[in-house]
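Below, each chain spelled out in residue letters.
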Amino acid sequence: METPAAAAPGWSFSLSFLFLALGTLVATLLGAAHRLGLIYQLLHKVDKASIRHGGESVAAVLRAHGVRFLFTLVGGHISPLLVACEKLGIRVVDTRHEVTAVFAADAVARLSGTVGVAAVTAGPGLTNTVTAVKNAQIAQSPVLLLGGAASTLLQNRGALQAIDQMSLFRPLCKFCASVRRVRDIVPTLRAAMAAAQSGTPGPVFVELPIDVLYPYFTVEKEMVPAKPPKGLRGHVVTWYLENHLANLFAGAWEPQPKGPLPLDIPMAPPQQVQRCVEILSRAKRPLTLLGSQALLPPTPAEKLRAAVETLGIPCFLGGMARGLLGRGHPLHIRQNRSAALKKADVVVLAGIVCDFRLSYGRVLSRSSKVIIINRNREEMLVNSDMFWKPQEAVQGDVGSFVVKLVEGLKGQTWASDWLEELQQADRQKEQAFREKALMPVAQHLNPVWVLQQVEETLPDNSVLVVDGGDFVGTAAHLVQPRGPLRWLDPGAFGTLGVGAGFALGAKLCRPDAEVWCLFGDGAFGYSLIEFDTFVRHKVTTLPLSEPEIPVMALIGNDAGWTQISREQVPSLGSNVACGLAFTDYHKVAMGLGAQGSLLSRDNEDQVVKVLHDAQQQCRDGHPVVVNILIGRTDFRDGSIAV
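Residues numbered from 1 in each chain as written. Predicted model: local features only at pLDDT ≥ 70, side-chain atom pairs only at ≥ 80, totals over all residues. Heavy atoms only, no water.

So, the environment of threonine 495
Where we set the bar: Runs of H or I in DSSP of at least four residues are treated as helices and runs of E of at least two as strands, each being numbered from the N terminus. In this scheme, a residue with accessible area under 20% of its type's maximum is buried, one over 50% is exposed, and one in between is partly exposed, where area comes from a 1.4 Å probe on protein chains only. Distance and chemistry together define a polar contact, namely a pair of N or O atoms within 3.5 Å, with one atom able to donate a hydrogen and the other to accept it when in protein, and with adjacent residues in sequence counting only for side-chain atoms on both sides.
In this structure, threonine 495 sits in the loop between strand S13 (487-488) and helix H21 (499-509). Taking relative accessible area as the criterion, threonine 495 reaches 7% and is therefore assigned buried. A polar side-chain atom of threonine 495 sits 2.6 Å from a polar atom in the side chain of asparagine 135.

Following this line, the structure appears as structure tokens:
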């Protein structure tokens, strides 16, 4: 017979097992309740009578972040946020293609130093933006893309335009999030806006399913059946749908902070700055290359310009840094960059990358001491394992670094003969350009001569947008932006089709500026339909009776993809797929409501007059297309870089 003492361990084991089982059951039930939102719903109410919707939360966050423009192509998935933005005074500008909306947001980001915002509908609306988002990623532009999506319950169930959008954008964006509840809209957007501007800027994506944007009564009507199905299974399904609906809207309208979060901007370590100061102080032939990162906040463009002038080192300007010193500044060297780099003893690459644009670093002399500064360490060191080696690789904000260099060098100057040597080489190259401008071409107008007339006509308040290959590549040598943040090109991705979107964003950001767009005829094909957009919308500084966005497009029309054909024909012996026609683009634009004119050899003596007339038409509030028929020169032979 078992004694009580012997039975005790068995009872103890049974009680322990029972408590463990009960604990596991309770934890499982609590976990299920949490996942179903039941615990949150106990603490936060669902206002079933409210007519508010998630689009209002989106608009409130955008306004709190100073967003002035929202670019879009309308779709039912995103209608609530468009209407809410309009009500809060955010300018909603609809384009004819989603890619244009993102390009316009990119231009706003570059020119304003804030986040540019675009919103497009689900599925094909979002896939149409991929090229522009990738361009923004490579150009390091802080763009927020808001994308519609199928309702949270219907994803992966064959809903209209429902695809895995998150997988599509994760490789392209710094931050990707899909909002699953109305209350999550505000914190998600705040985090996205901060991520876009922190570190190395770039695009971010927030997916907004349709049921987090529309009001409760609309979602309830679509989600919960009016007559619940009978039986146990029907009751369970109805309860699940009602609970999902409640979880979507629980706590939706409770107050939340909507303003900007702190940004994380890397700054150069003081020890490295001091080492760079010491290297530069011993230089005899220093040279600086400034790229787009130099123009990022927090350093204002005018403060950076003053620092570069005080530094007194000859410089080349690329990307968004073009125009930093204005037109004809003595420190700005524009030609013969490769030769200058070979002669320099210290080279400062400030926001410049050793990619194809610097022949992967091969243009740098092995004897030069190279200082490179960039927010992105991986980008900063690209190809340093093969063709070049930095003396100092500094991870930090470029503009702030340049200012600190000036402070450290305390007014040091360099011998003038180095600068004079570079200026003399510039003058010789520009004389060669003038000679090429006078050379006859087989037909139509010499593009070099045409662009020289553009350079002489371009006003001081202009913003230049460039979109093309051969014609734009020629313009980059001949046409000078008149000041900082007055030049917009696609960047290292070399994307065609940016022109209309960039022009749209530029004119809205700078309504008092003249926006001049230089197009190749191939590239113009992407932008042509957006002259309908320019005609339909107005700029706020113009009278309400003038409904257009007045931008001025100059098309270098040589009836072909000339940048490709000038290499393809001699190397492969065929012009296949490179030919276009001398299309009357100006007439097509006129059919869309814009103004148009033609320049050719027949009115060669009227070039300047036609440009002045186009300027006046813009001042009167009309978008203008000047179709310039040009011939072909050898100006850019051998210019393709891969």
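Okay, back to it.
Structural notes on the sheet that holds strand S12 (residues 462-467)
Note the cut-off: A pair of strands is considered paired only if DSSP assigns at least 2 bridges between the two. Contact criterion: two residues are considered in contact whenever any of their non-hydrogen atoms come within 4.5 Å of each other. Here, axes are lines fitted to C-alpha atoms. For helices the fit covers the stretch in contact, and angles between N-to-C directions go from 0 to 180 degrees.
The parallel open sheet is built from six strands, whose spatial order is S13-S12-S14-S15-S17-S16. The open sheet has two free edges, formed respectively by S13 and strand S16 (595-599), since each of these has just one partner strand. Of the pairings in the sheet, the one linking S16 to strand S17 (residues 624-629) comprises five bridges and is parallel in character. For leucine 599, the partnering residue across the bridge sits in S17 and is isoleucine 628. Running over the sheet, H21 touches S12, S13 and strand S14 (514-520) and is turned about 175° from S14.

Structural notes on the pairing of strand S7 (residues 286-290)
By the criterion of burial, S7 is predominantly enclosed, with five of the five residues buried. With burial as the criterion, each face of S7 is covered, one bearing Pro286, Thr288 and Leu290 and the other bearing Leu287 and Leu289. Alignment of S7 against strand S9 (residues 346-350), held across five bridges, turns out to be parallel. Pairing of threonine 288 across the sheet is with valine 348, part of S9. As judged from the three bridges shared by S7 and strand S8 (residues 315-317), these two strands associate in the parallel manner. Residue pairing in the sheet places leucine 289 in a bridge with phenylalanine 316 of S8.

What about the packing of aromatic side chains?
Operational definition: Pairing of aromatic rings covers Phe, Tyr and Trp, the last counted by its six-membered ring, and requires centre-to-centre distances within 6.5 Å; plane angles under 30 degrees mean stacked, over 60 mean edge-to-face, and any other angle means tilted. Charge-over-ring contacts are defined here by two conditions on Lys NZ or Arg CZ: a distance within 6 Å of the ring centre and an angle within 35 degrees of the ring normal.
Following the criterion strictly, the structure yields nine aromatic pairs and no others. The rings of Phe519, Phe524, Phe531, Phe534 and Tyr585 are connected pair by pair, giving a single aromatic cluster. Stacked on the ring of tryptophan 487, the Lys or Arg arginine 322 has its end atom at 4.6 Å from the ring centre.

Overview of the state of the cysteines
Applied cut-off: When two cysteine sulfur atoms are found within 2.5 Å, that pair is recorded as a disulfide.
Summed over the entire model, instances satisfying the criterion amount to zero disulfides. Free of any disulfide, cysteine 176 has its nearest cysteine sulfur in cysteine 173, 4.5 Å distant. Overall, the relative accessible area of 22% leaves cysteine 176 in the partly exposed class. Here cysteine 517 stays unpaired: no disulfide links it, and the sulfur of cysteine 618, its closest cysteine neighbor, is 8.9 Å away. The class of cysteine 517 is buried, set by a relative accessible area of 2%.

Here's the deal with helix H19 (residues 447-457)
Taking burial as the measure, the 11 residues of H19 include nine buried ones, the bulk of the element. Taken together, the buried positions of H19 are Pro447, Val448, Val450, Leu451, Gln452, Gln453, Val454, Glu455 and Thr457. On its buried side, H19 packs onto helix H18 (416-437), helix H20 (470-478), S14, strand S15 (552-557), helix H26 (607-619) and S17. The backbone nitrogen of valine 448 lies 2.8 Å from a side-chain oxygen of the residue at the head of H19, namely asparagine 446.

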